[in-house]
Amino acid sequence: MNKLVLFVTIFTSTLTTIINADNDFEDTSTGKFQSDCIKWHNYYRKLHGASLLKHSAKLEDFARYRATEIAKQDGSNFRHPDDLDYGENLAWNSIVNVDCRVPLKLWYDEWKIYNYRKPNITARNGHFTQMVWRDTRKIGCGRAVSSGPLGGTYTVCNYDPPGNYIGEELENVKPALKKKHRSQPPTSPKRTVKPRGGGNNNNNNRRPKLPPKLPKTDNL
């Protein structure tokens, strides 16, 4: 059975300030942030011949929850849950309310260390592979700002069905069709941008084997 490597991204979609006993944080996602995240994901996916992602309200709600929970703890819980049902990409940036293009460009640039012919998904390239994974169909993203000592903005995106199944890379991660477009979209201000650990390798998670006549199920 194929092993699953999870990389998920979370974003928020409303502008709400919430005060917590541990740390002040702010849910800063807007409709524009949400649409930008989907637009630029699909920009990159199109370069690799993958189908366009559709917005999922369920994934958005989950991503917003994840982003605010991380910001609430000022990043001390910046990691993937063990029982995560979705794909996930995480990013931290020193800029407050960073544009969605910044973490997406950071994740996408991992193609530079990905071997299409002999794939090996790791925490260093798994954000990229999840972004362009062909079997993924839906996305939801979130963004939250921490007012703690570390501060900064946390961006999270969740994907369904999740990607990064070991043994399925060749059919799901294809080289870019037009290499000359890889440098786009334009980069945002040069400030600190860190995946801070990136994704995690959940090698104990395996894709369940279904009877031959049953269709592949959706993980929502």
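Residues numbered from 1 in each chain as written. Predicted model: local features only at pLDDT ≥ 70, side-chain atom pairs only at ≥ 80, totals over all residues. Heavy atoms only, no water.

## Some remarks on the overall build of the protein
From N to C terminus, the protein includes 5 helices and 7 strands. Counting helices and strands in the order they occur from the N terminus, the protein gives β-β-α-β-α-β-α-α-β-β-α-β. Among the 220 residues that make up the protein, the fraction classed as buried is 52%. About 10,600 Å² of surface is accessible on the protein, with carbon and sulfur atoms providing 52% of the total. (Helix = DSSP H or I, 4+ residues; strand = E, 2+ residues; numbered from the N terminus. Buried < 20%, exposed > 50% of the residue type's maximum accessible area, 1.4 Å probe, protein only. Areas by Shrake-Rupley, 256 points an atom, 1.4 Å probe, with all protein chains shown as cover.)

## Brief notes about the side chain of Asn42
Position of Asn42 relative to the elements: it lies in helix H1 (residues 31-47). Residue Asn42 is classed as buried on the basis of its relative accessible area of 12%. A polar side-chain atom of Asn42 sits 2.6 Å from the main-chain amide nitrogen of Leu53. Beyond its immediate sequence surroundings of up to four residues, Asn42 is in contact with Leu52 and Leu53. (Polar contact = N/O pair within 3.5 Å; in protein donor to acceptor, adjacent residues only side chain to side chain. Contact = heavy atoms within 4.5 Å.)

## Things to note about unusual backbone geometry
Note the cis peptide between Asp160 and Pro161, where omega equals -10°. Structurally, the position occupied by Pro161 is in the loop between strand E6 (153-160) and helix H5 (169-172). The backbone of Asp74 sits at a positive phi, close to 55°, despite the residue not being glycine. Looking at the secondary structure, you find Asp74 in the loop between helix H2 (57-72) and strand E4 (87-93). Positive phi is not limited to glycine here, since Asn97 has a value of about 55°. As for its position among the elements, Asn97 is in the loop between E4 and helix H3 (101-108).

## Topic: the nonpolar core
With 27 residues, the main nonpolar core has Leu104, Trp107, Tyr108, Phe128, Met131, Tyr159 and Val173 as its most contacted residues. Those elements that provide at least two residues to this core are H1, H3, helix H4 (126-132), strand E5 (138-146) and E6. In terms of residues, this core owes the most to one element, H1, which gives 6 residues. Counting 10 residues, the second largest nonpolar core, distinct from the first, contains Ile70, Phe78, Trp92 and Val156. (Core = buried A, V, L, I, M, F, W, Y, C linked by side-chain atoms within 4.5 Å.)

## What to know about the packing of H1 against H3
As a packed pair, H1 and H3 sit with axes 10 Å apart at the nearest point and diverge in direction by 25°. As far as their axial angle goes, H3 and H1 are roughly parallel. Judged by the sense of rotation from one axis to the other, the crossing of H1 with H3 is right-handed. Here H1 contributes Cys37, Trp40, His41, Tyr44 and Leu47 to the contact with H3, which in turn contributes Arg101, Leu104, Lys105 and Tyr108. (Axes fitted to C-alpha atoms, helices over the stretch in contact; angles between N-to-C directions. Parallel < 35°, antiparallel > 145°, perpendicular 65-115°, else oblique. Left-handed = near helix turned anticlockwise from the far one by under 90°.)

## Concerning the packing of aromatic side chains
All told, the structure shown has 9 aromatic pairs when counted by the stated rule. Centre to centre, the rings of Tyr108 and Phe128 are 5.6 Å apart; their planes meet at 70°, and the pair counts as edge-to-face. Of the two residues, Tyr108 is situated in helix H3 and Phe128 in helix H4; the sequence distance between them amounts to 20 residues. Note on accessibility: Tyr108 and Phe128 belong to one class, buried. (Phe/Tyr/Trp six-rings, centres within 6.5 Å; stacked < 30°, edge-to-face > 60°.)

## So, the state of the cysteines
Under the defined criterion, the tally for this structure stands at 2 disulfides. Here Cys37 pairs with Cys100 through a disulfide, and the sulfurs are 2.1 Å apart. Looking along the S-S bond of the Cys37-Cys100 disulfide, the torsion reads about 120°, which is the right-handed sense. Placement of the pair is Cys37 in helix H1 and Cys100 in the loop between E4 and H3, with a sequence separation of 63 residues. No difference in accessibility class separates Cys37 from Cys100, as the two residues are buried. (Disulfide = S-S within 2.5 Å.)

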